[in-house]
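Reading the structure
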Amino acid sequence: MQNSNVNNDPTYSAAQAAHHNKTKQVDQQTPKAKLTEQQVLIVGGGHVGLSFALLLAHHGIASTLLEKNRYPEIGPENDRTRSHYLDSRNTALSRRTVQIYQEIGLWPELQSHACRIDAVQISEQGSFGKAQLNKAEEQVESFGQVMENAWLGRKLLLAVQNQPLITIIDNAEVITINQQTDGVTVTFNYYDGEEGEQQLQGSVLVACDGRDSNVRQLLNIGISTYDYQQTAIVGVVETDQPHNHVAIERFSPAGPLAVLPLTDPEGDGNDDYQTGFRRSVVWVCPNGEEQQYLEDDAHFLATLQQAFGTRAGTFTAAGRRGAYPLTRVLAQSQVDGRCVIMGNAAHTLHPVAGQGFNLCMRDAHVLAQMMSAQVLKGADLGDSQLLKRYEKARQTDQKRVIRFCDAVVHGFTHPNPVIKLARNVALVAFDKLPNIKPLIANYAMGLKS
Ligand SMILES: Cc1cc2nc3c(=O)[nH]c(=O)nc-3n(C[C@H](O)[C@H](O)[C@H](O)COP(=O)(O)OP(=O)(O)OC[C@H]3O[C@@H](n4cnc5c(N)ncnc54)[C@H](O)[C@@H]3O)c2cc1C
């Protein structure tokens, strides 16, 4: 199952791999050879596609990953390059996601840029209810870790490039899918110097091609959508008080707001500014209000301060912000014949509770495990019964997380005073009653499904 075409040099880039593999996939035209090798085709090399390829490789399963965009040239020597320390985008990784990266041996590579969450505070502006989760009370090492997306992406890509069982073809956009009884063939536009259509065969196709998934459309899988009429503003701010590893979820009339602790960019504590004062902000506002928050630093910081009070100290600086219009997109089916829809292509959620990527990682982990068991039986990886079993196995966790995210969004943004009182009572109850906190904490950490 070794893929001899992929170089082990850590500086070997995805672009080189793509060039290299252009030759390789011409060699792979014989469907029989592919089927005997039990090749998995992954379409979309975002964080989910890259992670799934690594999970498969951990089980000794070879995959070819097709990514529409060209990956940047990266190597260890470029790890420290970044534009400005306040300009990062970040993801809160649940404890379960951290465990999964530990399981495949990637966590030591990631952890220098991971910031522990030791406590979570939840409160609402202008209300009495508040709740706090502490790691000591819940007897956990942490509630999760916050990491820069750029760092996570870079480390995932390097790991994939160094993994002989994974072939990357970037600059490749999948345009058709053809399922046969014994395999699946994708046709993709390959943009490398001269444009051209190419084909690849595999036993099974896993689509991780994002919210607007082309694969999902090619398979005629319908979607249900819900437009929240909200936009998430994301960015990094600096405060005059250290974060002390506390994540703060604050509900204000302007919208829900999450302020998460961040490590310093180099992760070595020797930067030219102090460690522990950088925080990641996800602020959800009604559509149409985002422009003022994006363009005007002073307005952004002042409104943030007003919504937040002094629980984080004074907000002293803000980096560039990005805006994400929020729509929930759910695929009506996640399996079609030999194809599986995964990641945002399967479920794109509201980011308020930081659950989307973590849910995708649990999906990916389960499918890789099921495929591993299938390989050990010498059975077909694209067996539709296997894939349907996967879809069923993931239903409970997926439905729970979707409901949880929506309950947080709708429950905390409803202006009705009776509902506002009810949610404050609920927050107080949550803070005081035994047994509720560990349950919710486990859900949030991704440890219970
Ligand atoms: C503001 C915000 C904050 C968030 N914060 C958190 C958080 O704290 N914790 C958390 O768990 N989740 C969070 N999420 C959710 C998380 O970002 C997503 O769940 C995750 O990025 C999904 O990754 P993906 O790989 O499925 O999709 P994408 O990142 O969209 O990747 C899809 C990939 O497929 C490629 N592609 C597309 N079409 C084709 C094609 N035809 N052929 C080949 N390749 C193709 C694209 O180029 C892309 O690389 C947040 C989301 C938002 C919007």
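Remember, predicted model here, so these are calculated numbers, not experimental data.

**Describing the overall build of the chain**
Helix and strand content of the chain: 15 helices and 21 strands. A sequence separation of at least 24 residues applies to 74% of the contacts in the chain between residues at least 6 apart.

**Regarding the pattern of salt bridges**
Under the definition given, this model contains 13 salt bridges. Between arginine 394 and aspartate 363 there is a salt bridge, with the nearest N and O atoms lying 2.6 Å from each other. Here arginine 394, found in the loop between α12 (384-393) and α13 (395-413), pairs with aspartate 363, found in helix α11 (residues 356-376); they are 31 residues apart in sequence, far enough to count as distant. A residue is classified by how much of its surface remains accessible, and arginine 394, at 4% relative accessible area, is buried. Of the residues examined, aspartate 363 reaches a relative accessible area of 0% and is grouped as buried. Close ionic contact of aspartate 397 with arginine 400 constitutes a salt bridge, the shortest N to O distance being 2.5 Å. A residue pair is termed a helical-turn pair when its members lie 3 or 4 positions apart in one helix, as aspartate 397 and arginine 400 do in helix α13 at three residues.

**Things to note about the nonpolar core**
Counting residues in hydrophobic clusters, the biggest one holds 53 residues, and the most contacted among them are Val40, Phe52, Tyr101, Val206, Met342, Leu367 and Met371. Each of domain 1 (14-75 + 154-224 + 328-398) and domain 2 (94-146 + 228-326) gives at least three residues to this core. Discounting chain neighbours no more than four positions away, the residues touching leucine 367 are Phe52, Val206, Val340, Met342, Leu387 and Tyr390.

**Here's the deal with the sheet that holds strand β4 (residues 114-116)**
The three strands lie next to each other as β3-β7-β4, forming an open sheet whose pairing is antiparallel. Looking at the sheet topology across the chains shown, the edges are occupied by β3 (90-94) and β4. Strand-to-strand twist of the sheet, defined as the mean angle between neighbouring strand axes without regard to direction, takes the value 30 degrees. Here β4 pairs with strand β7 (residues 144-148) via three bridges, running antiparallel. For alanine 114, the partnering residue across the bridge sits in β7 and is methionine 147.

**Looking at the site of the ligand**
Residues in close proximity to the ligand total 29 residues, the closest being Glu67, Ala92, Asn344, Phe357 and Asn358. Side-chain polar atom of asparagine 69 to an oxygen atom of the ligand: 3.2 Å apart, as the coordinates give it. Within the backbone of alanine 92, a nitrogen or oxygen atom sits 2.8 Å from an oxygen atom of the ligand. If the ligand stood free it would expose 1000 Å²; the protein chains cover 82% of that surface. Within the shell around the ligand, the residues separate by chemical class into eleven nonpolar, 14 polar and four charged.

**Looking at the pairing of strand β2 (residues 63-66)**
Covered by surrounding structure in β2 are Ser63 and Leu65 together with Thr64 and Leu66, the residues of both alternating faces. Viewed along the sheet, the connection from strand β1 (residues 40-43) through helix α3 (residues 47-58) into β2 turns out right-handed. For β2 and strand β8 (residues 166-169), the ladder comprises four bridges, and the chain directions are parallel. Pairing of serine 63 across the sheet is with isoleucine 166, part of β8.

**A closer look at α3**
Over its twelve residues, α3 extends 16 Å from the first C-alpha to the last, a length consistent with the 16 Å expected when each residue adds 1.5 Å. With ten of its twelve residues buried, α3 lies for the most part within the structure. Within α3, the full set of buried residues consists of Val48, Gly49, Leu50, Ser51, Phe52, Ala53, Leu54, Leu55, Leu56 and Ala57. Glycine 60, located one to two residues past α3, shows a positive phi value of around 80 degrees.

**Topic: the confidence of the model for the chain**
Low pLDDT means the predicted atomic positions in that stretch should not be read closely. Per-residue pLDDT for the chain averages 82, and the proportion of residues at 70 or more is 76%. pLDDT under 50 marks residues 1-36. Its contacts with residues more than four places away, or in other chains, come to 83 contacts. pLDDT under 50 marks residues 267-274. Its contacts with residues more than four places away, or in other chains, come to twelve contacts.

**Notes on the state of the cysteines**
Going through the model one piece at a time under the given rule, you end up with zero disulfides. Here cysteine 208 stays free of any disulfide, with the sulfur of cysteine 360 as its closest cysteine sulfur at 8.4 Å. Take cysteine 360: its relative accessible area is 1%, and that puts it in the buried class.

**Regarding the packing of aromatic side chains**
Taken as a whole and judged by the stated rule, the model has six aromatic pairs. With a centroid separation of 5.1 Å and 80 degrees between ring planes, the pair formed by tyrosine 226 and tyrosine 228 is classed as edge-to-face. According to the relative accessible area criterion, tyrosine 226 is partly exposed, its value standing at 34%. Looking at tyrosine 228, the relative accessible area reads 8%, which means it is buried. On the basis of an interplanar angle of 70 degrees and a centroid distance of 6.5 Å, the ring pair of tyrosine 293 and phenylalanine 300 is categorised as edge-to-face. Assigned by exposure class, tyrosine 293 and phenylalanine 300 land together as buried. An aromatic cluster is defined as three or more aromatic residues linked by ring pairs; in this entry it consists of Trp283, Tyr293 and Phe300.

Thresholds applied
Residues numbered from 1 in each chain as written. Predicted model: local features only at pLDDT ≥ 70, side-chain atom pairs only at ≥ 80, totals over all residues. Heavy atoms only, no water. Helix = DSSP H or I, 4+ residues; strand = E, 2+ residues; numbered from the N terminus. Contact = heavy atoms within 4.5 Å. Salt bridge = Lys/Arg side-chain N within 4 Å of Asp/Glu carboxyl O. Buried < 20%, exposed > 50% of the residue type's maximum accessible area, 1.4 Å probe, protein only. Core = buried A, V, L, I, M, F, W, Y, C linked by side-chain atoms within 4.5 Å. Domains from an automatic or database assignment. Pairing = 2+ DSSP bridges. Axes fitted to C-alpha atoms, helices over the stretch in contact; angles between N-to-C directions. Near = heavy atom within 4 Å. Polar contact = N/O pair within 3.5 Å; in protein donor to acceptor, adjacent residues only side chain to side chain. Areas by Shrake-Rupley, 256 points an atom, 1.4 Å probe, with all protein chains shown as cover. Nonpolar A, V, L, I, M, F, W, Y, C, P; charged D, E, K, R; others polar. Right-handed = clockwise from strand over helix to strand, strands pointing away. Expected span 1.5 Å × (residues − 1). pLDDT = per-residue confidence, 0-100. Disulfide = S-S within 2.5 Å. Phe/Tyr/Trp six-rings, centres within 6.5 Å; stacked < 30°, edge-to-face > 60°.

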